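Notes for the structure review
Take a look at the letters that make up each chain.
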Amino acid sequence: MFENLSERLSGVFDRLTKQGALSEDDVKTALREVRVALLEADVSLPVARDFIKRVQDQATGQAVTKSVTPGQQVVKIVHDALIDVLRGEGEPGALKVDAPPAPILMVGLQGGGKTTTTAKLAKRLKDRDGKKILMASLDVNRPAAMEQLAILGMQIGVDTLPIVKGEDPVAIAKRAKTQASLGGYDVYMLDTAGRLSIDEELMAQVEAIRDVANPRETLLVVDGLTGQDAVHTAENFDERIGITGVVLTRMDGDGRGGAALSMRAVTGKPIKFVGLGEKMDALETFEPERIAGRILGMGDIVSLVEKAQETLEAEQAERMMKRMAKGQFNMNDLKMQLEQMLKMGGMEGMMGMMPGMGKMAKQIEESGFDDKVLKRQIAMIQSMTKKERANPQILQASRKKRIAAGSGMDVSDLNKLLKMHRQMADMMKKLGKGKGGMMKKAMQA
Ligand code: GDP
């Protein structure tokens, strides 16, 4: 149904030859296609416009890497910018559920998937975090909704607050709070009533419940397939109730996910989870990468982006190798190496999961090369001037003091870094001079 963005872009860029950098016109032409793709993915017009402008500024003048087309490069820039917008602060999927019993308020329109999501989330908190959960339905208008939650609770092995006929929602919320304290629950979840559309009565009710429960999290559950309506709903709920996050449901459907982008851009609230089906375990942490790929509408986006990234890194590495072969290894090169290692720091976790590799992960940890050390070392290099990075030998006491202070470290830490740099530079020099050109071989490998 949708034309693939990369196909579109390759058409545009076929006519272009590779130049040193992306020109303003190149970028403009490409972004026209991106804009259409965003609108087709149900991103709202103002959000699409803002986004395009942001990317335009970012992309113009960027160096074109050798082995990807300018079109592919623009796609990568767009992809990265999408992820940037989609990613909220904090860890995705993290909920504030300390200080038991922690109340979680679930709000949203009827049919959005609120009750289902309440149960899914309860199951997740129970299974993954070992929390003891109490769920309560406050939907006094629809007895069926209360029973639905009770049935789901039985299915997943989570307690629900007994139903008392004739009780109003605020009274139920109070009872849930008391019960949660007495029963030693870690979390209690309040599943509020929904309406077909937003009305004053609903808002006033949810407000009153909020004031009684004082929730740690207020999660809005919206149907991801409803696109702009979902964004509108989120704006309304946030203005009136104040939400801490969003759960987008029905993301297993064939929607293009544009609502996610508009949602983030308009409300500024993090999307914490996505619902991917009716089953109780069909709830996942929101992953910006996945949605970005979906918005751009291409199955090959990931490999494309990876290829562009690899090319960029390979070109950088090649430049570094060439410099090293000449016996040049300055602080910028060291920084690049440290950043590379930092990336591999993520591997430490991965290795820990692989059979037999746990020991190696431990060794890395013991050698002191953990992320923190690397980040500090990078921070010290960042505190150096351009000139200092190119010629670290000019670093005298006063400069050292400044750099250490600038990065919140001691001069002794800086000295350690400089020593490491000298050792590495020496090694590079030797390798560079080595007969048969070890460097050359390494470069060909
Ligand atoms: P509520 O009125 O907001 O409480 O909505 P419900 O929780 O009763 O959900 C309405 C319908 O949507 C039910 O049939 C659910 O099984 C279904 N549903 C909820 N979440 C999802 C989802 O992520 N994907 C799909 N495919 N269906 C969902």
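Values in this document were obtained by computation on a predicted structure and should not be read as measured data. (Residues numbered from 1 in each chain as written. Predicted model: local features only at pLDDT ≥ 70, side-chain atom pairs only at ≥ 80, totals over all residues.)

**Remarks on the overall build of the chain**
Formally: By definition, any uninterrupted DSSP run of H or I lasting at least four residues is a helix, any uninterrupted run of E lasting at least two residues is a strand, and each is numbered from the N terminus. Any residue with 12 or fewer other C-beta atoms within 10 Å of its own C-beta is exposed, any with 20 or more is buried, and the rest are partly exposed; the C-beta atoms used are placed from the backbone. Contacts are defined on C-beta atoms placed from the backbone: any two residues whose C-beta positions lie within 7 Å are in contact.
Looking only at helices and strands, one finds 19 helices and 8 strands in the chain. Taking all 445 residues of the chain together, the buried fraction comes to 38%. Counting contacts in the chain only where the partners sit at least 6 residues apart, residues at least 24 apart contribute 77% of the total.

**Concerning the environment of Ala 193**
In this structure, Ala 193 sits in the loop between β4 (187–191) and α8 (200–213). According to the C-beta neighbour criterion, Ala 193 is buried, with 22 such atoms within 10 Å. If sequence neighbours within four positions are ignored, Ala 193 has contacts with Leu 138, Asp 139, Val 140, Asn 141, Pro 169 and Gln 205.

**Focus on the packing of helix α9 (residues 228–240) against helix α10 (residues 258–267)**
The relative placement of two packed helices is expressed as an angle between their axes plus a distance between the axes. This is how the line gets drawn: Axis lines are fitted to C-alpha atoms, over the contacting stretch for helices. Their N-to-C directions set the angle, which ranges from 0 to 180 degrees. To sort the angles, those under 35 degrees are grouped as roughly parallel, those over 145 as roughly antiparallel, those from 65 to 115 as roughly perpendicular, and the leftovers as oblique. Crossing handedness is defined as follows: a turn of the near helix away from the far one that is anticlockwise and smaller than a right angle gives a left-handed crossing, while the clockwise case is right-handed. Put simply, Ala, Val, Leu, Ile, Met, Phe, Trp, Tyr, Cys and Pro go in the nonpolar bin, Asp, Glu, Lys and Arg in the charged bin, and everything else, Gly too, in the polar bin.
One can describe the packing of α9 onto α10 by two numbers: an axis separation of 9 Å at closest approach and a directional angle of 25°. Taken together, the axes of α9 and α10 are roughly parallel relative to one another. At the point where α9 passes α10, the crossing takes the right-handed sense. Between α9, through Gln 228, Ala 230, Val 231, Ala 234, Glu 235 and Asp 238, and α10, the contact on the second element is made entirely by Ala 259, Ser 262, Met 263, Val 266 and Thr 267. Its residues assigned to classes, the contact of α9 with α10 shows 6 nonpolar, 3 polar and 2 charged.

**Here's the deal with helix α6 (residues 143–156)**
Basically, it comes down to this: One less than the number of residues in a helix, times 1.5 Å, gives the span that helix is expected to have. This arc corresponds to the set of directions leading from the helix axis out to the C-beta atoms.
With 14 residues, α6 should reach 20 Å at 1.5 Å per residue; the first-to-last C-alpha distance of 20 Å fits that figure. Where α6 is concerned, the buried positions are Met 146, Leu 149, Leu 152 and Gly 153. Considered in projection along α6, the buried side chains sweep an arc of 125° and stay on one side of the axis. Along α6, the residues that are exposed and aim more than 90 degrees away from the buried face are Pro 143, Ala 144, Ile 151, Met 154 and Gln 155. Its buried side turned inward, α6 meets α5 (114–129), β2 (133–137), β3 (159–160) and β4.

**Observations concerning the UniProt feature "domain: SRP54-type proteins GTP-binding" (unreviewed entry) in the chain**
For clarity, the cut-off: UniProt positions are given in the numbering used here, feature names are shortened, and annotations may be inferred rather than shown by experiment.
Within this numbering scheme, the UniProt entry marks residues 270–283 as carrying the feature "domain: SRP54-type proteins GTP-binding" (unreviewed entry). The distance from the first to the last C-alpha atom of residues 270–283 is 16 Å, and the span holds 0% helix and 43% strand.

**Overview of the site of the ligand**
Stated precisely, the cut-off is as follows: As used in this record, a residue near a molecule or strand is one whose C-beta atom, placed from the backbone, is within 6 Å of it.
Taken together, 17 residues lie around the ligand, and Gly 113, Lys 114, Thr 115, Thr 116 and Gly 275 are the ones closest in. Ranked by residue count, the leading element in the shell around the ligand is α5, at 3 residues. The residue inventory of the shell around the ligand, partitioned by class, reads 2 nonpolar, 11 polar and 4 charged.

**Focus on the environment of Lys 53**
One can find Lys 53 in helix α3 (residues 45–59). The class for Lys 53 is exposed, based on 11 C-beta atoms found within 10 Å.

**Overview of unusual backbone geometry**
Keep in mind that most residues, glycine aside, have a negative phi and that most peptide bonds are trans. A cis amide bond links Pro 100 to the next residue, Pro 101, at an omega of -5°. Within the fold, Pro 101 resides in the loop between α4 (70–86) and β1 (102–108). Residue Ala 99 is not a glycine yet carries a positive backbone phi of 50°. On the secondary structure map, Ala 99 appears in the loop between α4 and β1. Taking the number of C-beta atoms within 10 Å as the measure of exposure, Ala 99 has 8 and is therefore exposed.

**Here's the deal with the sheet that holds strand β7 (residues 271–275)**
Definition in use: Strand pairing is assigned whenever DSSP identifies at least 2 bridges connecting the two strands.
Read from one edge of the open sheet, 8 strands run β3-β2-β4-β1-β5-β6-β7-β8, paired in mixed fashion. Strands with a single pairing partner mark the edges of an open sheet, and in this sheet they are β3 and β8 (283–285). Summarising the sheet, β1 and β4 pair through 5 bridges and their orientation is parallel. Its bridge partner lying in β4, Leu 105 is registered against Leu 190. Its contacts with the sheet put α8 on β1, β4 and β5 (217–223), and the angle it makes with β1 is roughly 170°.

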